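An overview of the molecular structure
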Amino acid sequence: MLQITNLHAEVDGKPILKGLDLAIGAGEVHAIMGPNGAGKSTLAYTLGGRPGYEVTEGSVTFTTPFVPSEVEGRAASDAQRVSTSLDTNGVGEALQTTGGEVAVDLLALAPHERAAAGLFLGFQYPVEIPGVSNVQFLREALNAQRAVRGEPPLSGGDFLKRARAQADALGLAPDMLKRPVNVGFSGGEKKRNEMVQMGIIDPRLAILDETDSGLDIDALRHVGHGINSIMRRPDKAVLLITHYQRLLDYVKPDFVHVLAGGRIVRSGGPELALELEREGYVGVAA
Amino acid sequence: MASLALPSSREEAWRWSDLSALPALAEARPSGAIPAPDVLWIGDGPRLLFVDGVYDPSRSNPGPVEIGPADARAARHPLGRLAGTRGWRLRIGAEHMPSGTIEIVHLGSGGASHLAAEIEIGEDAQASIVESFAGAGWANRATGITLARSGRLMLMRRILGAAGGFTSLADTAEIGTGASLIATTLAAGAGDSRIDAHLTLAGEEAFAEAGGALLARGQQRHDAALVLRHAEPHGQSRQVWRAVADDQATASVAARVEVARDAQKTDAEQSLRGVLLQRTATINAKPELEIFADDVKCAHGCAVGELDRGALFYLNSRGIPPAPARALLTRAFVADALARIGEEAVREVFVADADNWLSNSPFVSSEVETRPSTSLGTNGRD
Ligand SMILES: Nc1ncnc2c1ncn2[C@@H]1O[C@H](COP(=O)(O)OP(=O)(O)OP(=O)(O)O)[C@@H](O)[C@H]1O
Ligand SMILES: [Mg+2]
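Residues numbered from 1 in each chain as written. Chains lettered and ligands numbered in written order. Predicted model: local features only at pLDDT ≥ 70, side-chain atom pairs only at ≥ 80, totals over all residues. Heavy atoms only, no water.

**Description of the coordination of the magnesium ion (ligand 2)**
All names here are of chain A.
- Protein coordination of the magnesium ion (ligand 2) is provided by Ser41 (OG) and Gln124 (OE1), with donor distances spanning 2.0 to 2.2 Å. Pair noted here: Ser41 is in helix H1 (residues 40-48) and Gln124 is in the loop between strand E6 (119-122) and strand E7 (129-133), with a separation of 83 residues, a long-range link. There is no split in this pair, since Ser41 and Gln124 are both buried. (Donors = N, O, S within 2.8 Å, 3.2 Å for Na, K, Ca; no water. Helix = DSSP H or I, 4+ residues; strand = E, 2+ residues; numbered from the N terminus. Buried < 20%, exposed > 50% of the residue type's maximum accessible area, 1.4 Å probe, protein only.)

**A short note on the sheet that holds E6 of chain A**
Residue and element names in this part refer to chain A.
- Spatially, the 6 strands line up as an open sheet ordered E6-E9-E10-E3-E11-E12, and their pairing is mixed. In this open sheet, the two edge strands, each paired with only one partner strand, are E6 and strand E12 (263-268). The sheet shows a mean angle of 20 degrees between the axes of neighbouring strands, taken without regard to direction.
- Looking at chain direction, strand E3 (residues 29-33) and strand E10 (residues 237-241) are connected through 4 bridges and run parallel. Bridging across to E10, His30 finds its partner in Leu239.
- Along the sheet, H1 contacts E3, E6, strand E9 (205-209), E10 and strand E11 (255-260); its crossing angle with E6, the most-contacted strand, is approximately 145 degrees.
- The strands touched by helix H7 (residues 217-231) within the sheet are E9 and E10, with E10 carrying the most contacts at an inclination of about 155 degrees. (Pairing = 2+ DSSP bridges. Axes fitted to C-alpha atoms, helices over the stretch in contact; angles between N-to-C directions. Contact = heavy atoms within 4.5 Å.)

**Notes on the side chain of Arg194 of chain B**
- Residue placement: Arg194 of chain B occurs in strand E11 (residues 192-201).
- From its side chain, Arg194 of chain B meets the backbone oxygen of Ala13 of chain B in a polar contact 2.9 Å long. (Polar contact = N/O pair within 3.5 Å; in protein donor to acceptor, adjacent residues only side chain to side chain.)

**Side note on the packing of helix H4 (residues 134-148) of chain A against helix H5 (residues 156-169) of chain A**
Residue and element names in this part refer to chain A.
- Remark: H4 packs on H5, axes separated minimally by 11 Å, with the N-to-C direction vectors making an angle of 110 degrees. In terms of their interaxial angle, H4 and H5 are classed as roughly perpendicular. When you trace H4 past H5, the crossing you get is right-handed. Here H4 contributes Val135, Leu138, Arg139, Leu142 and Arg146 to the contact with H5, which in turn contributes Gly156, Phe159, Leu160 and Arg162.
- For the contact of H4 with H5, a count of residues per class yields 5 nonpolar, 1 polar and 3 charged. (Parallel < 35°, antiparallel > 145°, perpendicular 65-115°, else oblique. Left-handed = near helix turned anticlockwise from the far one by under 90°. Nonpolar A, V, L, I, M, F, W, Y, C, P; charged D, E, K, R; others polar.)

**Here's the deal with the pairing of E11 of chain A**
All names here are of chain A.
- Most of E11 sits inside the fold, with 5 of its 6 residues counted as buried.
- Relative to E11, E3 runs parallel, the two sharing 4 bridges. In the sheet register, Met33 faces E11, and the bridge partner there is Val258.
- As defined by bridge partners, E11 adjoins E12 across 5 bridges and the pair is classed as antiparallel. Residue pairing in the sheet places Val258 in a bridge with Arg266 of E12.
- Hairpin connection from E11 to E12: 2 residues lie between these consecutive antiparallel strands, with Gly261 at a positive phi of about 60 degrees.

**Here's the deal with the pattern of salt bridges**
Residues and elements named next belong to chain B.
- One pass over the structure, following the stated rule, counts 33 salt bridges over all chains.
- Where Asp196 meets Arg194, a salt bridge forms, and the shortest distance between an N and an O atom there is 2.7 Å. The pair formed by Asp196 and Arg194 is uniform in burial state, with each residue classed as buried.
- Between Arg279 and Glu306 there is a salt bridge, with the nearest N and O atoms lying 2.8 Å from each other. Note that Arg279 is positioned in the loop between strand E16 (267-276) and strand E17 (282-291) and Glu306 in the loop between strand E18 (297-305) and helix H2 (309-317), a separation of 27 residues in sequence. (Salt bridge = Lys/Arg side-chain N within 4 Å of Asp/Glu carboxyl O.)

**Re the packing of aromatic side chains**
- Per the stated rule, a full pass over the model turns up 7 aromatic pairs over all chains.
- Relative to Tyr53 of chain A, the ring of Tyr45 of chain A lies with its centre 5.3 Å away and its plane at 55 degrees, an arrangement referred to as tilted.
- On the basis of relative accessibility, which here comes to 13%, the residue Tyr45 of chain A falls in the buried class.
- Judged by centre distance (6.2 Å) and plane angle (75 degrees), the rings of Tyr45 of chain A and Phe313 of chain B are edge-to-face. You can see Tyr45 of chain A sitting in helix H1 and its partner Phe313 of chain B sitting in helix H2, one on each of two chains. (Phe/Tyr/Trp six-rings, centres within 6.5 Å; stacked < 30°, edge-to-face > 60°.)

**Thoughts on the packing of helix H3 (residues 322-338) of chain B against helix H4 (residues 344-358) of chain B**
Residues and elements named next belong to chain B.
- Running from N to C, H3 and H4 point in directions that differ by 145 degrees, and their axes come no closer than 10 Å. The two elements H3 and H4 cross, and the hand of that crossing is right-handed. Residues Ala327, Thr330, Arg331, Val334 and Leu338 of H3 pack against Arg347, Phe350, Val351, Ala354, Asp355 and Leu358 of H4.
- A per-class count over the contact of H3 with H4 returns 7 nonpolar, 1 polar and 3 charged.

**A few points about the site of ligand 1**
All names here are of chain A.
- Neighbouring ligand 1 are 15 residues; Gly37, Lys40, Ser41, Thr42 and His243 lie closest to it.
- Gly37 places a polar main-chain atom, nitrogen or oxygen, 2.9 Å from an oxygen atom of ligand 1.
- Compared with its free state, where it exposes 640 Å², ligand 1 has 66% of that area covered by protein.
- When contributions to the shell around ligand 1 are tallied by element, the ones reaching two or more residues are strand E2 (14-24) and H1.
- Considering each element in turn, the shell around ligand 1 owes the most residues, 3 residues, to H1. (Near = heavy atom within 4 Å. Areas by Shrake-Rupley, 256 points an atom, 1.4 Å probe, with all protein chains shown as cover.)

**Some details on the sheet that holds strand E5 (residues 102-105) of chain A**
Residue and element names in this part refer to chain A.
- With antiparallel pairing, the 4 strands of this open sheet are ordered in space as E2-E1-E4-E5. In the strand order of this sheet, the two ends are held by E2 and E5, each with one partner. The mean angle between the axes of side-by-side strands here comes to 15 degrees, regardless of whether they run parallel or antiparallel.
- Looking at chain direction, strand E4 (residues 53-64) and E5 are connected through 4 bridges and run antiparallel. Among the inter-strand pairings, Thr61 is bridged to a residue of E5, identified as Asp105.
- The sheet contacts of H1 involve strand E1 (2-11), E2 and E4, and relative to E1 the element is tilted by about 105 degrees.

Fair warning: the whole summary comes from geometry, so function is off the table for now.
See the structure below:
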């Protein structure tokens, strides 16, 4: 579903990602762990297309059925371009498309197009937006994505039903939906709100940056179950960025990676997270 | 008009205005083609329609408003004095039943129209007025307001004039003991504007609020110049202005609070904020305090910047494209200034006007009606 190859990225001219490789298949949950400042959030922002995060080398291919109609032409030719460059690296098979799915050059898409293509970014620090209510924001977001995919907009009533169901599932008080986006929310409420958004938007690939930080025990359970029920499907995938094993108790990863110095320095199964927790990064990443 | 004496931009109070279009507008003849007024009416209270400054009784239901001589007390204002002494008058006492919101629609077909207004709110009386300005040309208005003890007035203006036109408003108000004036102005058209207000809190515990939103793009210019004078103790004033400028446009707010020696326990707040949608645009915000009393509370905030990039990316990352994301944030930014409009139906209309502007379709009536030009001879310039 996501193929990251030799990704180099700079923030304000400072190289942060230095040749990162990662492949995520459909139905998989991957966890990335790593020391503070390793570049984990930089990876998330770079994949999301945040301005200021400049890719200087490498490629990212996203295989999705949601090809934004307005970028279809671009996507196809980009996919071809990627295909040629990957062929020379001998990993061309990653580009095989089946069942109406297309491999698009993620980096060629604008941030809102990446979202419409099925990418969701859970923020480490969700942004407060005074004066814009959660409901208004999410309805506009969902309908913008639907429009790009050529789907009809959701009516106010249908949208509210969907929003209430998600808030309920994640233990977010329904009146929080009417409040301005994240304004005055506690740290944990902000993270729950990210998951409510994910539930409403129903993405293909979720990159969740420390969604577990700042959550109390109940919230952690809610969020863990939320991630499982929204994302644990054969046609979806999750990339969890986390510092702690406790989220992984709820959302069992298939693969665990260590990101250090801007690269994936080690990969393994779920046991790697336990090893990290026991021994720290010094031994493992060395 | 033999000679149009206009203030020069070298004068401090006029340095952000561009009045250069006015001489030609003053010479021009109205074309007679006006937008259809229907979409501008909000409720079904009293309503008055002025076309090129001429009252149209056939499409009005003036309620308590009288047509005739009016003293706008604008003799010393360089534009206000041009408004003359002819126009409309509202004198309302507590014995009057509240008549619902009074709506006044001013439509222009080109050229210049001048009109004076006089509003007198008696003891314990109250009124609420919406004035809408649309169409072409220069609409010049002067309004004199008096609020007796505990009188209340809500005055809401929407400036929706067409490109190349100009709307100038000059208000003078005396606010009596315990009386309250809330004035909200929205400039969301395609033309230019100049908004002047000189409000005096002339009685104890008077309340004045003057605020609004100025939205400018292209080469547009909006300029608001306000003076709130606290003359007596325990007065309260609020000024909340939001300016948005795109392209090469300029939006300016100069807001002065004066606190006289006797006006102890004054509580004055100013919040002037601007958003530049492009760096080529200009926003001028100038808060001024002149305080002669020693026991007062005056707070002012003033900030001009760009839309929050972090918020923009957050919206984009959820699938909202750049243009609607900017509109959403700008709308939220402007909302503070329109929130003071008490009547929901009116507030919604103002918010919708701002939305139309943000979605790049400021008020343009789909229908244009043409009136015989013979009915347009007397627009106050003779
Ligand atoms: N605007 C910037 N200019 C320069 N350096 C930056 C900028 N933004 C981030 N960095 C640096 O990039 C590096 C990676 O930051 P990033 O936020 O990706 O780390 P992280 O792995 O998410 O860390 P944490 O676990 O603390 O969240 C850090 O050294 C950080 O200081
Ligand atoms: Mg981080």
